[in-house]
There are 2 protein chains.
Amino acid sequence: MAIVTVPVLSRSERNAMAMQAAGTERPATIHDIAAMCGVAASTVSRALSTPDRVNIRTRARIEAAAAELNYTPNSQAKALSSGRTGAVGVLVPDITNPFYFDLIRGTQLQLKAAGYTQLLVDTEESDEVEASSMEQLRKSADGIIVTASRLSDEALLAAAAKIPIVTINRDVAGVPAVVIDTPSATSQALDHLISLGHTRIAYMAGPLTSQSSTLRWNALAAAAEDRGVEVRRLGPFAPKTQSGAAAADAAVHSGVTACIAFNDLIAIGMLQRLRERGIRVPEDMSVVGCDDIFGADFCNPPLTTMASPIEQAGRVSVSMLLAQLNPLAGGGSRSRSLMPTHLTVRGSTGPAPQSL
Amino acid sequence: MAIVTVPVLSRSERNAMAMQAAGTERPATIHDIAAMCGVAASTVSRALSTPDRVNIRTRARIEAAAAELNYTPNSQAKALSSGRTGAVGVLVPDITNPFYFDLIRGTQLQLKAAGYTQLLVDTEESDEVEASSMEQLRKSADGIIVTASRLSDEALLAAAAKIPIVTINRDVAGVPAVVIDTPSATSQALDHLISLGHTRIAYMAGPLTSQSSTLRWNALAAAAEDRGVEVRRLGPFAPKTQSGAAAADAAVHSGVTACIAFNDLIAIGMLQRLRERGIRVPEDMSVVGCDDIFGADFCNPPLTTMASPIEQAGRVSVSMLLAQLNPLAGGGSRSRSLMPTHLTVRGSTGPAPQSL
DNA sequence: CAATTGATGACAACCGATTGCCAAATGTTG
DNA sequence: CAACATTTGGCAATCGGTTGTCATCAATTG
């Protein structure tokens with residue numbers, strides 16, 4: 001058998017061949033620019049990232065060459081050598097929950113403005129997926145924004161020691177957090193219902209692992225005691241419209257005349273179920289949601305709900321994270337940000353029915 | 001001035017120091033494993049990626065060490081040396097459009113199952129952002145899924161020559177595509193309206209750059225001619241609920257008794273506006289949406305719409321892309337997949353009003 | 001005019017993997 | 001037991017950048 005000796009090719013020769021073969025233009029590298037300008041690759045790197053350390057004329061030549069070759073730095077290589085990835089992970093429990101749409105858009109806009117890439121991960125409401133995603137992101141992201149974390153305080157603290165983290169709606173001492181102040185809005189909602197004459201009220205709780213739900217219930221229970229009305233807790237219910245049916249049935253069975261739901265998804269599901277059962281809203285039953293998500297304004301009847309500045313919360317979380325990443329601007333980077341909320345009254349709440 | 005000589009440190013020494021300083025455990029590398037097992041780093045690499053090329057006992061030792069050190073490969077480094085990033089870019093025109101929620105979830109699930117990471121990018125309905133995102137992704141992703149592309153056929157073809165691409169709802173010869181068959185559903189919708197007695201019908205068009213909107217209109221116009229009814233085209237309207245107001249006013253002014261909207265967002269916006277203006281749906285005006293997005297079932301009245309298998313479309317697009325990336329399984333990887341749709345009749349359509 | 005200083009840019013190591021090549025070790029066969 | 005085929009695993013180059021070190025050269029200063 002004849003042995004064919006394949007000549008060793010230089011890098012550029014191979015690239016040329018590859019281009020020929022694929023008919024594809026290979027992205028330009030700093031080496032191409034260096035060759036074109038007759039300088040070392042490191043000089044090109046400096047010219048583009050530390051312009052002050054390179055002669056202005058050389059820099060101009062390099063910039064011109066870069067523009068001509070349509071050069072874009074390879075983010076992988078950059079990340080590998082510099083240790084910074086230019087990416088931020090955003091963890092959400094459920095991508096299809098409309099609450100996160102605006103949040104994601106907020107983070108996306110702010111991250112893009114700062115030149116970062118967003119890595120969106122759906123943790124499927126699972127603490128295990130959440131933990132493994134964080135471990136994964138630790139190497140492929142510079143920081144992480146975690147929404148409604150299902151992890152324990154200890155696990156979150158441990159993770160925050162390894163990589164900069166900002167939480168949203170999850171307050172743990174030592175971890176910067178953006179907290180949407182729904183507890184105080186919950187009191188507003190309660191007063192709203194009381195002013196309409198309701199005295200028997202239910203809280204349709206969210207998942208047990210949700211800190212938001214717990215805090216909201218605590219605030220509600222305290223306010224109820226203060227006002228001297230009875231509020232009972234029902235649930236827990238999954239934060240999906242499908243759970244609204246069970247929530248509605250539970251509410252009817254408990255004999256209350258008004259409900260405050262953990263979130264709008266449950267509330268909207270309740271509206272559907274109540275309608276099916278012929279129970280009029282708000283004549284027979286008032287319903288209050290939380291978050292003012294997409295759909296809360298056009299459901300039937302339109303939902304009274306606690307409006308949250310969700311997109312803004314996303315933006316603030318990015319700012320806080322970036323402040324951690326680049327501590328240059330010696331500003332007191334706050335470690336906790338409370339977002340105000342307010343009650344938006346629509347058609348799903350009304351005067352309490354006359355007692356029989 | 002005294003000159004302090006700093007001794008040169010080996011890599012491991014520096015790492016040890018860094019660990020001490022930060023109190024942070026540095027992620028293990030194949031070098032750590034190699035040192036622990038007394039083999040070369042390349043052997044570790046082979047043991048983990050090409051198990052057959054390494055002695056089974058050595059492999060066992062390496063795997064044990066890897067487990068003990070909690071080793072995870074650095075994806076950046078992997079990407080750099082292998083050329084594969086293990087990531088797929090998903091481009092959507094507007095993250096806050098509920099249509100994309102299910103799509104994103106579909107791609108996310110399928111990608112995760114295949115061990116890929118999803119890079120989600122919001123192109124803000126802009127062809128420029130879309131083009132630059134694709135150029136960016138070309139180096140940081142193995143392939144791209146583009147939904148409702150705003151690019152020209154030529155631009156898409158050129159991009160597809162550089163990196164594997166699958167489009168969704170955008171059919172260009174030479175680029176694999178998943179197409180949701182809304183045109184045929186549009187004919188169904190027309191027949192539905194005709195059977196209810198409507199003869200003057202409007203199509204509320206989407207963006208001019210949307211191929212879907214054009215195809216749908218073509219199908220509708222052809223069917224209308226075939227059935228001998230009049231369908232006029234109004235718009236274009238942006239695919240947002242806010243545009244529904246203008247659409248509703250235009251429909252009323254044109255004197256039609258039924259509308260087929262480009263998508264559910266416009267349709268839902270129309271429902272709101274018609275209600276404001278005291279025009280009853282469906283008694284005075286019937287409205288048909290498209291996509292059956294979140295909210296179509298609980299708006300007022302519930303929306304008659306063309307239901308699309310959106311999440312499934314996302315999954316199929318991933319499968320088609322992965323087939324391009326790994327052409328091993330010598331299956332005929334189809335280059336075009338048509339997703340069936342059907343009309344879901346709810347409360348927003350009814351008999352045509354008696355002519356005055 | 002000699003000496004100090006600072007700006008500039010080249011060299012080379014390094015980030016953490018993958019992979020072609022080859023030598024050593026092992027197993028098989030005549 | 002020798003000759004050959006086959007594993008096995010180490011060396012080193014490579015991916016595309018960043019960055020520390022240092023030689024060079026020009027400008028400033030005594």
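Along each chain, residues carry numbers from 1 onward, in the same order as the chain's sequence is written. Each chain is given a letter, starting from A, and each ligand a number, starting from 1, according to the order in which they appear as written. With the structure being a predicted model, the display of local features is reserved for residues of pLDDT at least 70 and the display and counting of side-chain atom pairs for 80 or more, all residues being used for whole-chain, interface and lining totals. With hydrogens and water set aside, each side-chain value is computed from the structure's full complement of heavy atoms.

Chemist: Help me get a handle on the sheet that holds strand β5 (residues 177-180) of chain A, residues and values and all.
Modeler: Residues and elements named next belong to chain A. Pairs of strands are assigned from DSSP output, requiring at least two bridges between the strands. Secondary structure counts use DSSP, requiring at least four H or I residues in a row for a helix and at least two E residues in a row for a strand, with both numbered from the N terminus. Overall, parallel pairing links the six strands, which are arranged β2-β1-β3-β4-β5-β11 in an open sheet. The two strands at the open ends of the sheet, each matched to only one other strand, are β2 (117-122) and β11 (336-339). Put simply, the sheet's adjacent strands are angled 15° from each other on average, direction ignored. Pairing analysis gives four bridges linking β5 to β11, with the strands arranged parallel. Within the sheet, the bridge partner assigned to Ala177 lies in β11 and is Arg336. By the convention used here, residues are in contact when the closest approach between their heavy atoms is within 4.5 Å. Only C-alpha atoms enter the line fits that serve as axes; for helices the fit covers just the stretch in contact. Angles between N-to-C directions range over 0 to 180 degrees. Seen against the sheet, helix α7 (residues 127-140) touches β1 (87-92), β2, β3 (143-147) and β4 (165-168) and runs at an angle of roughly 175° to β1. Strand contacts of helix α13 (residues 310-325): β1, β3, β4, β5 and β11, with the helix running at about 160° to β4, the strand carrying the most contacts.

Chemist: Tell me about unusual backbone geometry, and name the residues and values.
Modeler: Residue and element names in this part refer to chain B. Following Val281, the chain continues to Pro282 via a peptide bond in cis, the omega torsion being 10°. Structurally, Pro282 is set in the loop between α12 (264-276) and β9 (286-291). Of note, the bond from Asn300 into Pro301 is cis; its omega dihedral lies within 30 degrees of zero at -5°. Among the structural elements, Pro301 can be located in the loop between β9 and β10 (304-307). With a phi angle near 55°, Glu124 is a residue other than glycine that sits in the positive phi range. Tracing the backbone shows Glu124 in the loop between β2 (117-122) and α7 (127-140). The cut-offs for exposure are 20% and 50% of the maximum accessible area for each residue type, with area from a 1.4 Å probe on protein chains only; residues under the lower value are buried, those over the upper are exposed, and the others partly exposed. Its relative accessible area of 36% is what places Glu124 among the partly exposed residues.

Chemist: An account of the sheet that holds strand β3 (residues 143-147) of chain B is needed here, citing residue identities and associated values.
Modeler: Residue and element names in this part refer to chain B. Taken in spatial order, the six strands make up an open sheet running β2-β1-β3-β4-β5-β11, and their pairing is parallel. The two strands at the open ends of the sheet, each matched to only one other strand, are β2 and β11 (336-339). Each strand of the sheet is rotated relative to its neighbour by a mean of 15°, with strand direction disregarded. Across six bridges, the pairing between strand β1 (residues 87-92) and β2 is parallel. For Leu91, the partnering residue across the bridge sits in β2 and is Val121. Of the strands in this sheet, β1, β3, β4 (165-168), β5 (177-180) and β11 are in contact with helix α13 (residues 310-325), which crosses β4 at around 160°.

Chemist: Tell me what's going on with the relation of the copies chain B and chain A, and back it up with residues and numbers.
Modeler: When chain B is fitted to chain A, the best match, at an RMSD of 0.1 Å, comes from turning it 180° and sliding it 0.0 Å along the axis. Those values place the two copies in the arrangement expected of a two-fold rotation axis. It is B:Cys299 whose C-alpha, among those of chain B, lies nearest the rotation axis, at 2.2 Å. A shared interface surface links the copies, since 100% of the contact residues of chain B are contact residues in chain A too. Least squares is used to superpose the copies, and the fit set is the C-alpha atoms of residues whose pLDDT is at least 70 in both copies.

Chemist: How would you summarise the packing of helix α5 (residues 75-82) of chain A against helix α5 (residues 75-82) of chain B if you had to cite specific residues and measurements?
Modeler: Contact geometry for α5(A) and α5(B): axes closest at 9 Å, N-to-C directions at 130°. Judged by the angle between their axes, α5(A) and α5(B) are oblique. Taken as a pair, α5(A) and α5(B) cross one another with a handedness that is left-handed. In contact with A:Gln76, A:Ala77, A:Ala79 and A:Leu80 of α5(A), α5(B) contributes B:Gln76, B:Ala77, B:Ala79 and B:Leu80. Throughout this description, any angle smaller than 35 degrees is read as roughly parallel, any larger than 145 degrees as roughly antiparallel, any in the 65 to 115 degree range as roughly perpendicular, and the remainder as oblique. Left-handed is the label given to a crossing in which the near helix is rotated counterclockwise from the far helix by less than a right angle, and right-handed is the label when the rotation is clockwise.

Chemist: Can you lay out the nonpolar core for me, pointing to particular residues and giving the numbers?
Modeler: Counting 145 residues, the largest nonpolar core has A:Met204, A:Val231, A:Ile260, B:Met204, B:Val231 and B:Ile260 as the members making the most contacts within it. Within this scheme, the nonpolar core is defined by two criteria: the residues are buried Ala, Val, Leu, Ile, Met, Phe, Trp, Tyr or Cys, and they are joined through side-chain atoms within 4.5 Å. Within the second largest apolar cluster, 32 residues are counted, among which are A:Ile163, A:Ile165, B:Ala87 and B:Ile165.

Chemist: Go over the packing of aromatic side chains with me, naming the residues and quoting the values.
Modeler: Aromatic contacts are taken between Phe, Tyr and Trp rings whose centres are within 6.5 Å, Trp giving its six-membered ring; a plane angle under 30 degrees counts as stacked, one over 60 as edge-to-face, and the others as tilted. Scanning the entire structure with this criterion turns up eight aromatic pairs over all chains. Summarising the aromatic geometry, the rings of A:Phe298 and B:Phe298 are spaced 5.9 Å apart at their centres and angled 15° between planes, so their arrangement reads as stacked. Of the two residues, A:Phe298 is situated in the loop between β9 (286-291) and β10 (304-307) and B:Phe298 in the loop between β9 and β10; the pairing between them involves two chains. The exposure class of A:Phe298 is buried, given its relative accessible area of 5%. For the ring pair B:Phe294 and B:Phe298, a centre distance of 5.4 Å and an interplane angle of 80° mean the geometry is edge-to-face. Both residues of the pair, B:Phe294 and B:Phe298, count as buried.

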